[in-house]
Amino acid sequence: MLHNRAQNNFILNLSRKLLSGQVSTLKLILILLPVAIVIAVAISKFGILAAGALLAVFIGIPVVLGIVAYPIFGIAVLMLVSFFLNYVSEFLPPDTPTGILLDAITYLLIFGFLLKFKYDKDWSYFKNPISYLILAWLAYNFIEVLNPASPSILAWVYTVRTVGFIMLMYFIFVYQVRTMAQIKFLVKMWLWLAFLSAISGFQQENFGLFPFEKAWYYSDPLRLSFLYINGHLRKVAIFPDPVTFSYNMVVAAVLCMCIIFTKIKMYKKVLLACAIPFFFLVMLYSGTRGAFVLPPAALAMLAVINFNKKILMFVVGAAVVLLGLIFMPTSNQFIKRFQTAFKPSDDASFNVRAENQKRIKPYILSHPIGGGLGSVGIWGRRFAPNSFLAKFPPDSGYVRVAVEMGYVGLILFCLLMFVILKTGINNYYLIKNPELKIYCLAMILIIFVFNIGNYPQQALVQYPSNILFYLASALLSVTLRIDKQEQKEQADKQRAELSA
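Notes on the structure in this doc start here. Within any chain, residue numbers begin from 1 and follow the written order of that chain's sequence. Totals for whole chains, interfaces and linings use all residues, but because this is a predicted model, local features are given only for residues with pLDDT of at least 70 and pairs of side-chain atoms are given and counted only at 80 or more. For side-chain calculations, the full set of non-hydrogen atoms in the structure is used, while hydrogens and water are omitted.

### So, the packing of aromatic side chains
Here is the rule: rings of Phe, Tyr and Trp (six-membered ring for Trp) pair when centre to centre is within 6.5 Å. Planes less than 30 degrees apart are stacked, more than 60 are edge-to-face, and the remainder are tilted. Here the structure, examined in full by the defined rule, presents 29 aromatic pairs. Ring centres 5.4 Å apart and planes at 65° place the aromatic pair tyrosine 87 and phenylalanine 212 in the edge-to-face group. Note that tyrosine 87 is positioned in helix α4 (residues 71–89) and phenylalanine 212 in helix α9 (residues 211–218), a separation of 125 residues in sequence. Ring plane angle 70° and centroid distance 5.6 Å describe the contact between phenylalanine 117 and tyrosine 175, whose orientation is recorded as edge-to-face. Of this pair, phenylalanine 117 sits in helix α5 (residues 99–119) while tyrosine 175 sits in helix α7 (residues 153–176), and the two are 58 residues apart along the sequence. Relative accessibility under 20% of the residue-type maximum defines a buried residue, over 50% an exposed one, and the middle range a partly exposed one, all with a 1.4 Å probe and only protein chains included. Given a relative accessible area of 8%, phenylalanine 117 falls into the buried group. The way it works is that DSSP assigns letters per residue, a run of H or I at least four long becomes a helix, a run of E at least two long becomes a strand, and they are numbered from the N terminus.

### Describing unusual backbone geometry
Looking along the chain, the bond that leaves tyrosine 463 and enters proline 464 is cis, with omega of 0°. Relative to the helices and strands, proline 464 resides in the loop between α20 (434–453) and α21 (465–499).

### Description of the packing of α4 against helix α8 (residues 180–206)
Angles here are taken between N-to-C directions and fall from 0 to 180 degrees, while the axes themselves are lines fitted to C-alpha atoms, restricted in helices to the stretch in contact. The contact between α4 and α8 brings their axes to 10 Å, and the two run at 10°. As judged from the angle between their axes, α4 and α8 are roughly parallel. Together, Ile72, Ile75, Ala76, Met79, Leu80, Phe83, Phe84 and Tyr87 of α4 and Gln182, Phe185, Leu186, Met189, Trp190, Leu193, Ala194, Leu196, Ser197, Ser200 and Gln203 of α8 make up the contact between the two elements. Residues are grouped as follows: Ala, Val, Leu, Ile, Met, Phe, Trp, Tyr, Cys and Pro are nonpolar; Asp, Glu, Lys and Arg are charged; all remaining types, including Gly, are polar. In terms of residue class, the contact of α4 with α8 is made up of 15 nonpolar, four polar and no charged. By definition in this entry, angles of less than 35 degrees are roughly parallel, angles greater than 145 are roughly antiparallel, angles of 65 to 115 are roughly perpendicular, and the rest are oblique. Note on contacts: a residue pair is in contact if any heavy atoms of the two residues lie within 4.5 Å.

### Here we look at the packing of helix α11 (residues 242–259) against helix α14 (residues 294–305)
Direction vectors running N to C along α11 and α14 enclose 30°, while the axes themselves pass 10 Å from each other. With respect to their mutual orientation, α11 and α14 come out roughly parallel. Of the two elements, α11 crosses α14, and the hand of that crossing is right-handed. Residues Tyr247, Val250, Val254 and Met257 of α11 pack against Leu294, Pro295, Ala298, Leu299 and Leu302 of α14. Grouping the amino acids of the contact of α11 with α14 by side-chain chemistry returns nine nonpolar, no polar and no charged. Crossings are sorted by hand: turned counterclockwise from the far helix by less than a right angle, the near helix makes the crossing left-handed, and turned clockwise it makes it right-handed.

### A closer look at the environment of serine 477
Within the secondary structure, serine 477 is located in helix α21. Relative accessible area serves as the criterion here: at 10%, serine 477 is assigned to the buried category. Taking C-alpha positions, serine 477 is 10.0 Å from tyrosine 175, a pair spaced 302 residues apart along the chain. For serine 477, the contacting residues outside a window of four places in its chain are Asn128, Ile130, Tyr170 and Asn427.

The values reported here are purely geometric and, on their own, carry no functional implication.
The following block contains the structure:
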């Protein structure tokens, strides 16, 4: 026992010295040289298998343990991977199942949550209207497996795997995010990831595509025909499509716009103010008309919720700039495309969508629970290629819900979105802490933007938008809970001072 204790102390002391830089270079070489020799011999004998195994041991195992034991670290890893996985997959063979990595992180977060909840069973975290409606929506998704109109059970399996389990992240976020410092960390990380994404879009537009990016664009003729419009290649940055790119840029700009009103240093406010037009600029490179109406929608919502002189002046100033952009004569192709978003009758793609919705309306009305999860889109084409719905382009997120889950599912989905926004607005007026109030406001605007964007496009099906949406939904409840804890602590302190 004494030997084990001495051995543990030696390892701890050595680790402490290594981290603090107290070990000399010669000693460091003597310690690491045998490790380097073992690694070199293993790779020379077993090749890529040994390299993969060593990476799994030295990187994979610590990351897995970190995700399970430290939930904020796990959430940060989930955000990071959800942003960059598609970009990294461009280096890999087309059939590489990269989505398994996100599934694995999701399962690890759920496992860590279950372990923690076993010893800290506090159901009060989930006692809010959003939780109840999400559970109802999840139950409806699982009931859809019995849908007689569904052409394939496998389509349901693949769809519920991505839709259902991602929604479970809401409960993970609500339970694991517990302090103001954690909210700040996640928001900062969100902005940094969005900024790196914006830089990628700026690079693609102004400096050209990297060779691997060009290979990805031109590897699929159908993708290229979708992305190449009027002599211009729509940019996607690190994302899978221009819609996800543009919507995330708008969301990042909205987040910057709100954080400016918190008590931060002036240079940070200046940086955030400069980031807003940068995010809007790269948004234009995507060529996504649906994204162009989101900034004025966010500004209108901001003016309605937070009606004060400072906000009103900001919104009026932004509105004047937007009106100038909408009606100014120009030869710039990006501004021209931006202007067409506010004249939908002149937009051919909008008219095609309207015609498609008119065509599918009788089907929706005659199928109250829809055609089954995964009956449209990629899984419909894969598992039931000859079905009527597999050939239907849903475009709108709401139309997709109506087609796959019927008007019953559409009503439930709209009720869920309404309850999320209503709960967020109620919480905003209940919160006393000014900083928490701003974070709650930012999340309301982000959820509102995603909902508006979900009408012309599918805004909530791609990573990282789906992760960020449920993180924003969770923070609506988290901010109020932290505020109540602060108010309780202040009240207890005042009582203690009075009694003393």
